[in-house]
Each structure stands twice: as C-alpha cells, then as structure tokens.
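Residue-level listing of the chains:
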Amino acid sequence: MSRKLNNTVSHHEREIDELRLDQGLATAYLQIAMKALDDAAGRSGGLIMLRAIAAAYDDGLDELAERAGVNREALHCALLPEQQAVK
C-alpha cells in the first residue's frame, strides 16, 4: 500500500520549480541533457532531463534553447515520442 506523506513535494515537482526559478540552471541543464543524448549510456538520463525542462519552460523552450546554444529543431525532435523510441 502506498500513501502520500503530508507536506511533501515530489522530486520531479521540485526539479521543475527550480528550473523555472533559475534560468542559468535551466540553460546549463539543457546543455548537459543535449550532450547526454549523444552518448548511448546517458541517453535515458538526457531524455528525463529534457522532459523536466519541457515541463518547466513549456512556452519558452525556444528562447531557452537559443540561450543555451542548442539547435531548436534538434531539441524539438528529441522531445518527440516517436524520435525517442528510435534512438
């Protein structure tokens, strides 16, 4: 049986909040996530990081990609579910 503790926040929720509050952190996080996608051993971690960034910056993802020096099209392709299954 699982139960939720009172006054707790999930790691994922906290991560998204921190990424929203600190654009410098989000920029570095995005750069690391994109690099992780190039490495087969780090790919799953990179995808998890990208999902958190997408959740935090839903409408501002293109701006964040530009600031991080990440190709916008490559970022969007990495976030597509059908692309993730192929990699």
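Residues numbered from 1 in each chain as written. Predicted model: local features only at pLDDT ≥ 70, side-chain atom pairs only at ≥ 80, totals over all residues. Heavy atoms only, no water.

S.K.: Is there a simple way to explain the pattern of salt bridges in this structure?
M.R.: For side chains of opposite charge, pairing can occur when their charged atoms come near one another. Per the stated rule, a full pass over the model turns up four salt bridges. A salt bridge links Glu 18 to Arg 14; the nearest nitrogen and oxygen atoms lie 3.1 Å apart. A residue pair is termed a helical-turn pair when its members lie 3 or 4 positions apart in one helix, as Glu 18 and Arg 14 do in helix H1 (residues 11-21) at four residues. Owing to a relative accessible area of 46%, Arg 14 belongs among the partly exposed residues under this scheme. For Glu 73, the salt bridge identified is with Arg 72, shortest N-O distance 3.0 Å. Owing to a relative accessible area of 38%, Arg 72 belongs among the partly exposed residues under this scheme. (Salt bridge = Lys/Arg side-chain N within 4 Å of Asp/Glu carboxyl O. Helix = DSSP H or I, 4+ residues; strand = E, 2+ residues; numbered from the N terminus. Buried < 20%, exposed > 50% of the residue type's maximum accessible area, 1.4 Å probe, protein only.)

S.K.: Just to check I follow, could you spell out the nonpolar core for this structure?
M.R.: Considering soluble globular proteins, one finds that nonpolar side chains tend to be buried as a cluster. Core analysis: the biggest nonpolar cluster contains 22 residues, and Leu 19, Leu 30, Leu 50 and Leu 75 have the highest contact counts within it. Other than its neighbours up to four places away in sequence, Leu 50 contacts Leu 30, Ala 33, Met 34, Leu 37, Leu 75, Ala 78 and Leu 79. (Core = buried A, V, L, I, M, F, W, Y, C linked by side-chain atoms within 4.5 Å. Contact = heavy atoms within 4.5 Å.)

S.K.: Help me understand the packing of helix H2 (residues 23-37) against helix H4 (residues 61-68) in this model?
M.R.: Between two packed helices, both the angle of their axes relative to each other and the distance between the axes serve to describe the pair. Look at H2 against H4: their axes get within 9 Å of each other, and the N-to-C directions meet at 75 degrees. Here H2 is positioned roughly perpendicular relative to H4, judged by the angle of their axes. Seen from H2, the contacting residues are Gln 23, Ala 26, Thr 27, Leu 30 and Gln 31; seen from H4, they are Leu 64, Ala 65, Arg 67 and Ala 68. Split into classes, the residues belonging to the contact of H2 with H4 amount to five nonpolar, three polar and one charged. (Axes fitted to C-alpha atoms, helices over the stretch in contact; angles between N-to-C directions. Parallel < 35°, antiparallel > 145°, perpendicular 65-115°, else oblique. Nonpolar A, V, L, I, M, F, W, Y, C, P; charged D, E, K, R; others polar.)

S.K.: Just checking my understanding: could you explain the side chain of Glu 15 for this structure?
M.R.: The topology assignment puts Glu 15 in helix H1. Notably, Glu 15 is buried but unbridged: the nearest opposite-charge side chain belongs to Arg 51, and the N-O separation is 10 Å. Those residues in contact with Glu 15, other than ones at most four positions away along the chain, are Tyr 29 and Ala 52. (Lys, Arg positive; Asp, Glu negative; His and termini not counted.)

S.K.: Where do I start with the packing of helix H3 (residues 43-56) against helix H5 (residues 72-79) in this structure?
M.R.: Running from amino to carboxyl end, H3 crosses H5 at an angle of 105 degrees, the nearest separation of the two axes being 10 Å. Taken together, the axes of H3 and H5 lie roughly perpendicular to each other. Note on element contacts: H5 touches H3 through Leu 75, Ala 78 and Leu 79, opposite Leu 47, Leu 50, Arg 51 and Ala 54. Across the contact of H3 with H5, the residue classes tally to six nonpolar, no polar and one charged.

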